[in-house]
Amino acid sequence: MAAIGDRLFVFGGRGFGKSSFNDLWVYDTARNRWSTPEAAGTAPSARERFCMCVAGTKIIIFGGWDSRRSLRLGDLHVLDTMTMEWRQPHTSGVAPTARRGAACAFYHGQMLVFGGDTGETLNDSFTLDPETWTWTQLNTSGYDPFEGEEEALISAGASFREIVEARLLSSHPIPCERTEGGAIAIDDTLYVLAGYSNRGAFLHDIHELRDSTWFARYYYGTHINGVRNFALAAIGPIVYLFGGENLGLEYTTSNTLYALNTETKTVWTMDSRGAVPTPRAGPMAAAVGERLFVFGGYAGACLDDLYVFDTTTA
């Protein structure tokens, strides 16, 4: 789901009958109304687990999994929301291979694609320039900042266990291979969170990319359970993570809403009130102003409900 102005755009995904869609829906948050606008051009084929990124008034869609779940996709489509027209721009450079479950965000004026599943799970990074439609594979490195972080932990009264956990985290600054994680950009930093690793682990880590260097910071507060296939959105410096799939003693879905303050490096769970969404995997989220919108997901059946969380009254 993508937010442009007061509108939320929903494309494709997996629905009832275990088939995927390529329909386009728009929700006007000011008028509280859904519509199915006609768009010129050729829409992307039906798919799920694709990348969806906002670049100004354009929505970029990359990759995904086809309706039969037999083919990973590597095509690129752009929707101009001003003219309501689909097109497939000709791209150059080194493009990511076809994949599903990659994470993406609009970072430094470009679409950044991280990781995903090509048949093997990856942790590579690519950027796409929306002006020239040029792909570039990033050469990244990692930085271990623990010496300074240890001093901050001690000053904050951290326990020995917290210091050991931070030490282990900081020594692995580059995110491991993963699919179905999340990525979001705030100012000059890209954040990659959680997902499902190439070793079959449900991840709960948080990594930061600035320029071409990865950092792994320790976040104080509530522990995030290992989770994949969740919703992610940001309002100011706060990243909100909702729902997803967890794996403990047995498979479960979640309706926990985590809030991560990227300035203070703290995380907590929101004490939600009102009509709280049921636990679900694969929800979508986007922010409009100070409000967080959550749509759909899967909880034994596909869901088409829409919720709004007002962060000003939380």
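Since the structure is predicted, the reported quantities are computational estimates derived from the model, not experimental observations.

Draft legend 1. Spotlight on the overall build of the chain. What the chain contains, in helices and strands, is two helices and 30 strands. Computed over its C-alpha atoms, the radius of gyration of the chain comes to 19 Å, within 12% of the 20 Å expected for a compact globule of 314 residues. Counting over 314 residues, the chain shows a buried share of 48%. Sequence-distant contacts in the chain: of pairs separated by 6 or more residues, those separated by 24 or more amount to 51%. Per element, the accessible surface of the chain, about 14,700 Å² overall, is 49% carbon and sulfur. Charged side chains of the chain number 25 positive and 36 negative; the gap between the two group centres comes to 6 Å.

Draft legend 2. Structural detail: unusual backbone geometry. Despite not being glycine, N32 has its phi angle at roughly 55°, a positive value. Turning to its location among the elements, N32 is positioned in the loop between β3 (20-28) and β4 (33-35). With a relative accessible area of 57%, N32 lands in the exposed category. We note that K265 has phi near 60°; this positive angle belongs to a residue other than glycine. Within the secondary structure layout, K265 lies in the loop between β26 (257-261) and β27 (266-269). Here K265 falls in the buried class, since its relative accessible area comes to 18%.

Draft legend 3. Inspection of the pattern of salt bridges at higher detail. Going through the model one piece at a time under the given rule, you end up with 16 salt bridges. D117 serves as the salt-bridge partner of R100, at 2.7 Å between the closest nitrogen and oxygen. Note that R100 is positioned in the loop between β10 (92-93) and β11 (103-107) and D117 in strand β12 (residues 110-117), a separation of 17 residues in sequence. An identical accessibility class is assigned to R100 and D117; each is buried. Several salt bridges share partner residues, and in doing so they unite R14, E48, R49, R69, E180, R228 and E245 into one network.

Basis of the calculations
- Residues numbered from 1 in each chain as written.
- Predicted model: local features only at pLDDT ≥ 70, side-chain atom pairs only at ≥ 80, totals over all residues.
- Heavy atoms only, no water.
- Helix = DSSP H or I, 4+ residues; strand = E, 2+ residues; numbered from the N terminus.
- Rg over C-alpha atoms; globule rule 2.2 N^0.38 Å.
- Buried < 20%, exposed > 50% of the residue type's maximum accessible area, 1.4 Å probe, protein only.
- Contact = heavy atoms within 4.5 Å.
- Areas by Shrake-Rupley, 256 points an atom, 1.4 Å probe, with all protein chains shown as cover.
- Lys, Arg positive; Asp, Glu negative; His and termini not counted.
- Charge placed at Lys NZ, Arg CZ, Asp CG, Glu CD.
- Salt bridge = Lys/Arg side-chain N within 4 Å of Asp/Glu carboxyl O.

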